[in-house]
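One-letter residues, chain by chain:
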Amino acid sequence: MAGGVTKNSLVTFALGIFFGFGISYVFVNYISTPSHGPGPPSRRSVENEEVEVAKQPYDHPEVNVADSPHKALEWTDLDDAHHKGQDKEAQDLFERVPVLCWVMTQPDNLDKKAKHVKATWAKRCNKVLYMSSNAEPNFPVVGLGTGEGRDKLWPKTKAAYEYIYKNHMNDADWFMKADDDTFVVVENLRYMLKDYDPTEAVYFGRRFKPFVKQGYMSGGAGYVLSKEAVKKFVEGDCKARSVMEDVEMGRCMEQVGVRAEDSRDKLGRERFHPFVPEHHLIPGRVPKGNWYWKYQFYPAHDGPDCCSDYAISFHYVSPANMYVLEYMTYHLRPFGYNYTPPIDLNRPRTKTPSPQ
């Protein structure tokens with residue numbers, strides 16, 4: 001009897017020691033240790049401060065607006081004055097290839113995002129329109145009356161092109177849609193378009209392959225329609241099957257006979273980009289299992305071969321990085337380099353039939 005009691009006591013004592021140490025470990029490591037104590041932050045917390053790569057094709061990670069400039073920034077060399085005398089071809093294309101840019105925005109983003117688009121790349125469009133659900137007294141925005149939300153992006157896009165068709169068809173030959181977190185190098189867009197006829201029903205962008213036989217263009221990277229494509233789009237009768245704006249635009253383009261064109265340069269490098277430059281340039285930033293790789297209409301690359309020297313757009317660009325890209329594109333130059341005449345990187349034109 002005494003021996004049995006002694007054995008049970010030893011077992012009880014051992015279990016008590018085991019559970020005691022276990023509880024102490026949990027307490028010390030998960031309760032008493034502060035989550036943001038001294039030392040470098042964890043890798044997870046660092047990554048969460050960056051723009052995340054969309055895990056699904058229709059996720060829309062929010063860009064960082066917390067460190068945005070309160071006021072729109074201006075350079076003192078007014079209107080790219082240091083390019084004067086060196087922009088003859090760009091000025092020639094400005095006249096020969098007029099582009100209307102329309103920027104998809106919303107009331108909450110006018111001060112946070114749209115004003116920084118207005119201060120940077122949008123001023124190089126022949127005409128720019130900001131499209132929102134409501135008109136605002138302190139910003140030049142068109143109120144479409146569509147409401148806001150991801151399920152309103154397709155109705156909003158249709159309403160925007162209908163508004164353009166009724167009011168601005170004579171202002172340009174090409175009509176580009178961009179988001180308020182997209183940065184566009186408009187001169188490179190004109191360069192790509194210069195060999196195309198706006199009376200042809202064509203459109204361009206970053207071409208994805210699912211859902212639509214001829215592919216469709218990424219909404220975030222932006223897409224551009226010829227004048228004839230806008231006419232066919234608005235006058236056509238497209239039946240929506242989802243709320244996915246870019247997919248529905250692709251379906252509609254195919255239904256009304258607008259041809260999806262190849263936007264790559266002659267080296268096979270892409271010009272429209274659905275992510276920030278870092279995610280395309282640095283190998284592994286977009287994991288190989290990500291939807292992005294499966295959606296590519298053409299073979300895609302990360303690293304230095306990702307992007308054309310005449311890249312047109314990048315997406316998920318924060319307001320602060322709008323100014324970084326503005327500086328890197330239009331102000332930073334290595335001394336002693338002469339880029340005239342420029343290298344021609346446009347692809348030879350191949351005539352493909354319009355979709356039936």
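Residues numbered from 1 in each chain as written. Predicted model: local features only at pLDDT ≥ 70, side-chain atom pairs only at ≥ 80, totals over all residues. Heavy atoms only, no water.

Engineer: What should I look at first to understand unusual backbone geometry in this one?
Structural biologist: Glycine aside, negative phi is the norm for most residues, and most peptide bonds take the trans geometry. Of note in the backbone geometry, Phe 211 takes a positive phi value of approximately 75° without being a glycine. With respect to the helices and strands, Phe 211 occurs in the loop between strand E7 (207–208) and strand E8 (216–217). Look at Tyr 316: it is not a glycine, yet its phi comes out positive at around 60°. The buried category is assigned to Tyr 316, whose relative accessible area is 6%. (Helix = DSSP H or I, 4+ residues; strand = E, 2+ residues; numbered from the N terminus. Buried < 20%, exposed > 50% of the residue type's maximum accessible area, 1.4 Å probe, protein only.)

Engineer: What is the right way to look at a nonpolar patch on the surface in this model?
Structural biologist: Residues Val 324, Tyr 327, Met 328 and Leu 332 make up a contiguous nonpolar surface patch of about 350 Å² in total accessible area. Mapped onto the elements, Leu 332 comes out in the segment after helix H11 (319–330). (Patch = residues over 30% accessible without salt bridge, like charges linked within 9 Å, V, L, I, M, F, W, Y side chains within 5 Å. Areas by Shrake-Rupley, 256 points an atom, 1.4 Å probe, with all protein chains shown as cover. Salt bridge = Lys/Arg side-chain N within 4 Å of Asp/Glu carboxyl O.)

Engineer: Could you clarify how one ought to interpret the packing of helix H5 (residues 153–167) against helix H7 (residues 227–235) in this entry?
Structural biologist: When two helices pack together, their arrangement is given by the angle between their axes and by how far apart the axes lie. Running from N to C, H5 and H7 point in directions that differ by 115°, and their axes come no closer than 10 Å. When you trace H5 past H7, the crossing you get is left-handed. Residue-level contacts link Trp 154, Lys 158, Tyr 161, Glu 162 and Tyr 165 of H5 to Val 230, Lys 231, Phe 233, Val 234 and Glu 235 of H7. Residues of the contact of H5 with H7, tallied by class, amount to six nonpolar, no polar and four charged. (Axes fitted to C-alpha atoms, helices over the stretch in contact; angles between N-to-C directions. Left-handed = near helix turned anticlockwise from the far one by under 90°. Contact = heavy atoms within 4.5 Å. Nonpolar A, V, L, I, M, F, W, Y, C, P; charged D, E, K, R; others polar.)

Engineer: Would you mind showing me how to read the packing of aromatic side chains here?
Structural biologist: The geometry of an aromatic ring pair is captured by two quantities: the separation of the ring centres and the angle between the planes. All told, the structure shown has 19 aromatic pairs when counted by the stated rule. Centre to centre, the rings of Trp 102 and Tyr 161 are 5.6 Å apart; their planes meet at 85°, and the pair counts as edge-to-face. In this pair, Trp 102 is assigned in strand E1 (residues 99–104) and Tyr 161 in helix H5, connecting sequence segments 59 residues apart. Using a relative accessible area of 0% as the deciding quantity, one classes Trp 102 as buried. A relative accessible area of 0% means that Tyr 161 is categorised as buried. An aromatic cluster is defined as three or more aromatic residues linked by ring pairs; in this entry it consists of Phe 208, Phe 211, Tyr 216, Phe 275, Trp 291, Tyr 292, Trp 293, Tyr 295 and Tyr 316. The ring of Tyr 330 has Arg 124 lying over it, and the distance from NZ or CZ to the ring centre is 3.5 Å. Just above the ring of Trp 293 sits the side chain of Lys 288; from NZ or CZ to the centre is 3.6 Å. (Phe/Tyr/Trp six-rings, centres within 6.5 Å; stacked < 30°, edge-to-face > 60°. Lys NZ or Arg CZ within 6 Å of the ring centre and 35° of its normal.)

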